[in-house]
Amino acid sequence: AKEIATLDIISGGRLTITVGVGGRTMDYEAVGAQFKGRFQRMDEQIATMKRVWALETIVEGADPVGPGLASPPKILAGVMGPKSTARVSQWADGVFAWSGNGERNEIEHIITMADAAWADAGRSTKPYRLGGCWYTLADDGQQKLYDYVYKYLEFAGPEVAKMMAESVNRSSEDALNEALDNLEAAGCEEIMLSPVTAELAEVDRLAGVIARR
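Keep in mind it's a predicted model, so treat the numbers as computed, not measured. (Residues numbered from 1 in each chain as written. Predicted model: local features only at pLDDT ≥ 70, side-chain atom pairs only at ≥ 80, totals over all residues. Heavy atoms only, no water.)

Details of the pairing of strand β4 (residues 128–135)
At step 1: By the criterion of burial, β4 is predominantly enclosed, with eight of the eight residues buried.
At step 2: Residues Tyr128, Leu130, Gly132 and Trp134 of β4 are buried on one face, and the alternating residues Arg129, Gly131, Cys133 and Tyr135, pointing to the opposite face, are buried as well.
At step 3: As defined by bridge partners, strand β3 (residues 94–98) adjoins β4 across five bridges and the pair is classed as parallel. Bridge pairing links Gly94 to Tyr128 in β4.
At step 4: Once the chain exits β3 it traverses helix α5 (residues 104–120) before rejoining the sheet at β4, and the crossover so formed is right-handed.
At step 5: Inspection of the sheet shows β4 paired to strand β5 (residues 190–195) by six bridges, in the parallel sense. Paired with Leu130 across the two strands is Glu190, which belongs to β5. (Buried < 20%, exposed > 50% of the residue type's maximum accessible area, 1.4 Å probe, protein only. Helix = DSSP H or I, 4+ residues; strand = E, 2+ residues; numbered from the N terminus. Pairing = 2+ DSSP bridges. Right-handed = clockwise from strand over helix to strand, strands pointing away.)

What follows is the structure, encoded as structure tokens:
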């Protein structure tokens, strides 16, 4: 909460944070956290962060932690199913709608669920919509895209990893533009593209794609 508040102040209130629980047990093991109970724990952690930013006392008898924020940063939540969407509708400002290949129908499905959950929760506004997908513009990109997705999802078993790795193809300018068109048409207000390599070509070539749109 302190780090987020500091970043928000330094950025002049431009910070947005996105949270989610994920499904890879090794990510939890890496930081010594329990996989079980992760949904409830995230609800509680978000509530605590909001109390810190409001300068409420977290520990009885102690001073507030701070820094305080008059306008806390926007909190988006990565969701995929109806249960998680209903949970985050109680405290999130919007959703991160993810489709590995930037498919319009997958993004629209998440946004439709979010709109319904926000309405059921009695929210006066619709959720902010951030969309995202994997991409690469590096040389030999399709193979690198396949390898990355396979390795990332290998925890789910070789069949699932292979199926998902074969389903992604955003490895050229035309393919990436199609994904961007899909996300825009689905109703995303903002897009976060996740490169599958750390090559500088990803940034340079993506800048060219955006400049030509």
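With respect to the packing of aromatic side chains
At step 1: Tallied over the entire structure, the rule returns seven aromatic pairs.
At step 2: With a centroid separation of 5.9 Å and an interplanar angle of 75°, the aromatic rings of Trp134 and Tyr152 are classed as edge-to-face. In this pair, Trp134 sits in strand β4 while Tyr152 sits in helix α6 (residues 141–153), placing the two residues 18 residues apart along the sequence.
At step 3: We classify Tyr152 as partly exposed; its relative accessible area is 33%.
At step 4: The structure contains a cluster of three or more aromatic residues connected by ring pairs, namely Phe96, Trp98, Trp134, Tyr148 and Tyr152.
At step 5: One cation-aromatic arrangement involves Arg38 over Phe35; the distance from NZ or CZ to the ring centre is 3.7 Å.
At step 6: Lying over the aromatic face of Tyr128, Lys74 brings its terminal NZ or CZ to 3.7 Å of the ring centre. (Phe/Tyr/Trp six-rings, centres within 6.5 Å; stacked < 30°, edge-to-face > 60°. Lys NZ or Arg CZ within 6 Å of the ring centre and 35° of its normal.)

Overview of the sheet that holds β3
At step 1: Here we have five strands laid out as an open sheet, ordered β1-β2-β3-β4-β5, and parallel in their pairing. The open sheet has two edge strands, β1 (16–19) and β5, and neither has a second partner. Going from strand to strand, the sheet's axes swing by 25° on average, the running direction of each strand aside.
At step 2: Helix-sheet contacts for helix α3 (residues 38–53) involve β1 and β2 (74–78), and the interaxial angle to β1 is about 160°. (Axes fitted to C-alpha atoms, helices over the stretch in contact; angles between N-to-C directions. Contact = heavy atoms within 4.5 Å.)

Regarding the pairing of β2
Two faces belong to every sheet, and in a regular strand the side chains alternate between them.
At step 1: The pairing of β1 with β2 spans four bridges and is classified as parallel. The partner of Thr16 across the bridge, within β2, is Lys74.
At step 2: Bridge count between β2 and β3: three bridges; the pairing is parallel. Residue pairing in the sheet places Ala77 in a bridge with Val95 of β3.
At step 3: Once you follow β2 into helix α4 (residues 82–88) and on to β3, the crossover reads as right-handed.

Some thoughts on helix α9 (residues 200–212)
Structurally, the α-helix is built with 3.6 residues per turn, so residues lying three or four positions apart point the same way.
At step 1: Compared with the 18 Å implied by 1.5 Å per residue over 13 residues, the 19 Å span of α9 between its first and last C-alpha is a close match.
At step 2: Among the residues of α9, Ala201, Glu202, Leu206, Gly208 and Val209 are the ones counted as buried. With its buried residues spanning 155° around the axis, α9 presents them on a single face. When the buried face of α9 is taken as reference, the exposed residues oriented beyond 90 degrees from it are Leu200, Val203, Asp204 and Ala211.
At step 3: Buried residues along α9 sit in contact with β4, α8 (173–186) and β5. (Expected span 1.5 Å × (residues − 1). Arc of directions from axis to C-beta.)

Comments concerning the packing of α6 against helix α7 (residues 158–167)
At step 1: Their axes nearest at 8 Å, the elements α6 and α7 cross at an angle of 150°. Of the possible angle classes, the one that applies to α6 and α7 is roughly antiparallel. The interaxial crossing formed by α6 with α7 has right-handed handedness. Touching Tyr146, Val149, Tyr150 and Leu153 of α6 are Pro158, Ala161, Lys162, Met164, Ala165 and Glu166, all from α7. (Parallel < 35°, antiparallel > 145°, perpendicular 65-115°, else oblique. Left-handed = near helix turned anticlockwise from the far one by under 90°.)

Bear in mind that shape data such as this cannot, by itself, settle questions of function.
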